[in-house]
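Architecture and fold: a report
What follows is each chain in one-letter form.
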Amino acid sequence: MTDSSVQDMNLETAYSAVSDLYLGSDVDIHEACKLMRDKGPVYEGNFIAQFGVPTNAGIHQDSRPNYAVFRYQDVMSILRDGDTYTSGFIARGFGEAFDGLTILAMDGEQHRKVRTLLQPAFMPQTVNKWRERMDDIMRRDFIAPMVAKKKANLMEFGLGFPIRIMYALMGFPENDPEKYRKYAAWALAMVGGNQIDPDKLQDARATAHQAGKALYDSIEEIVVERRAGGSEGDDLIGRLLRAEHEGRMLDNHEVVTFCRMLLPAAGETTTRTFSTVLAMLFNTPGLLERVRNDRSLVGPLIDETIRYEPIATFKVREVAKDVELHGVKISKGSFIQCMVTSANRDESVFENPDEFNIDRRQKPSFAFGFGPHMCIGQFVAKLELNCAINAMFDLLPNFRLDPDMPAPVIQGAQLREARNVHVIWD
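The structure reproduced in this document is the subject of the present report. All figures in this text were calculated on a predicted structure; none of them were measured in a lab. (Residues numbered from 1 in each chain as written. Predicted model: local features only at pLDDT ≥ 70, side-chain atom pairs only at ≥ 80, totals over all residues. Heavy atoms only, no water.)

**Re the side chain of Asn194**
Residue position: Asn194 is located in the loop between helix 9 (177-191) and helix 10 (198-228). A polar atom in the side chain of Asn194 sits 3.1 Å from the side chain of Tyr22. (Helix = DSSP H or I, 4+ residues; strand = E, 2+ residues; numbered from the N terminus. Polar contact = N/O pair within 3.5 Å; in protein donor to acceptor, adjacent residues only side chain to side chain.)

See below:
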């Protein structure tokens, strides 16, 4: 792909390409995991291979021994212990498009320091200040223009609003929507570099690197301008420009790098979660009217959806020292696949786990990860989803599935989603 092709990249096309990359085979991942929970706690081999999707190790996944765990306590223990089960290998797989500079690939003290720098901008006390602004953006700029049409594919809204809000939260200019849609397309192209098909690998990596360079250059322009303007603002860029790190201020390269490493997940994870929340809302008998009449159920709807259908179905870690799990000896350097989607339906923890029930007493699940690498943007995502669902109930009278279109179907071996959610309203 040429530089001009990267410049012309389309958000919808980039998003679909990532969805296709992680769609995988027709094997039912929930059923496959249930069989393994019943069979034994540790699977010896590359369990993910049957689904035909990449892991964060990329093409290096089969270069080491592989193991997989399926039960709640095992997944929790591994994700919690960032010293024994590490993430640095990601720099040589998924992270190659970022020149290895991604928070996902950091371990130990380096990760703790970077997380400490970034975390304050994403904590509830900061995020909640954005509620009114989020709500206004969604209603004025996205939903209000739809109202007169009486019908829509809600995933067009779902693709647009998380990018708009997250990029504003990070400090990107808001006066040029096409600009941040292009930034989002480049970020997704970087994710697309995690190709495991040898016939597509070279082109995918070249595109990912070109998109990464274009994104870096664009963020750098913003950072330089913001620093010259006084580094004010409560957004992420403003905070980083004012932050001290190891007794000194961050330079422009560090600020740009920190921002770029967050962008691939800044919008698309919320988009996919939005689709699964809507799919469960519309496809569960009686649920739409319950939530329509009692908005306090929006939070439980979101929480139960991310337990029942987590977007990222697994996490991979590398073993930093020889360990033994349930009598299985695992050597240093091996990969362990933590099946999040399995742990979230562990019968020993969740009563009737295969039942979608927003009234259940919620327990910690792993939709946003767990431990030191827990998703830094989870509070933003939940607030965005809450605002979006309430806004639709308010502005789209009696909105419901379009009977002339297929009902939404959740699919994907990794990065699960419903591609389309067609609705009508009065």
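**Remarks on the pairing of strand 10 (residues 335-338)**
It is a general feature of regular strands that their side chains alternate between the two faces of the sheet. Across the two faces of strand 10 the burial is the same, with Phe335 and Gln337 and Ile336 and Cys338 all buried. Pairing between strand 2 (residues 66-69) and strand 10: four bridges, direction parallel. By the bridge assignment for strand 10, Ala68 is matched with Gln337. As judged from the four bridges shared by strand 7 (residues 315-319) and strand 10, these two strands associate in the antiparallel manner. When the bridges of strand 10 are listed, Lys315 appears paired with Cys338. (Buried < 20%, exposed > 50% of the residue type's maximum accessible area, 1.4 Å probe, protein only. Pairing = 2+ DSSP bridges.)

**A few points about the pattern of salt bridges**
Scanning the entire structure with this criterion turns up 31 salt bridges. Close ionic contact of Arg64 with Glu318 constitutes a salt bridge, the shortest N to O distance being 2.7 Å. Linking Arg64 in the loop between strand 1 (42-44) and strand 2 with Glu318 in strand 7, this pair joins segments that are 254 residues apart in sequence. For the salt bridge of Arg272 with Glu417, the shortest nitrogen-to-oxygen distance reads 3.0 Å. Of this pair, Arg272 sits in helix 13 (residues 268-283) while Glu417 sits in strand 13 (residues 417-418), and the two are 145 residues apart along the sequence. Across this residue pair, the class does not change: Arg272 and Glu417 are buried. Among the ionic contacts, a cluster of salt bridges with common partners joins Arg133, Asp136, Arg140, Asp141, Arg164 and Glu174. (Salt bridge = Lys/Arg side-chain N within 4 Å of Asp/Glu carboxyl O.)

**A few points about the sheet that holds strand 10**
With mixed pairing, five strands are arranged side by side in an open sheet as 1-2-10-7-3. Where the open sheet ends on each side, the last strands, each with one partner, are strand 1 and strand 3 (85-86). When strand 1 meets strand 2, the two strands line up antiparallel, connected through three bridges. Residue Tyr43 lies in a different strand from strand 2, and its bridge partner there is Ala68. This element, helix 4 (residues 72-80), spans strand 2, strand 3, strand 7 and strand 10 of the sheet and lies at about 125 degrees to strand 10. (Contact = heavy atoms within 4.5 Å. Axes fitted to C-alpha atoms, helices over the stretch in contact; angles between N-to-C directions.)

**Describing the packing of aromatic side chains**
According to the stated counting rule, one finds 18 aromatic pairs in the structure shown. When the ring of Phe282 is compared with that of Phe399, the centres are 5.6 Å apart and the planes differ by 80 degrees; the resulting orientation is edge-to-face. Here the residue Phe282 occupies a position in helix 13, and Phe399 occupies one in the loop between helix 17 (378-395) and strand 11 (400-401), the gap between them amounting to 117 residues. A relative accessible area of 11% places Phe282 in the buried class. (Phe/Tyr/Trp six-rings, centres within 6.5 Å; stacked < 30°, edge-to-face > 60°.)

**Re the state of the cysteines**
Overall, the coordinates contain zero disulfides when judged by the stated rule. Among the cysteines around Cys33, which has no disulfide bond, Cys338 carries the closest sulfur, lying 12 Å off. Classification of Cys33 as buried rests on a relative accessible area of 1%. For Cys375, which is in no disulfide, the shortest distance to another cysteine sulfur is to Cys259 and amounts to 16 Å. Judged by its relative accessible area of 29%, Cys375 falls in the partly exposed class. (Disulfide = S-S within 2.5 Å.)

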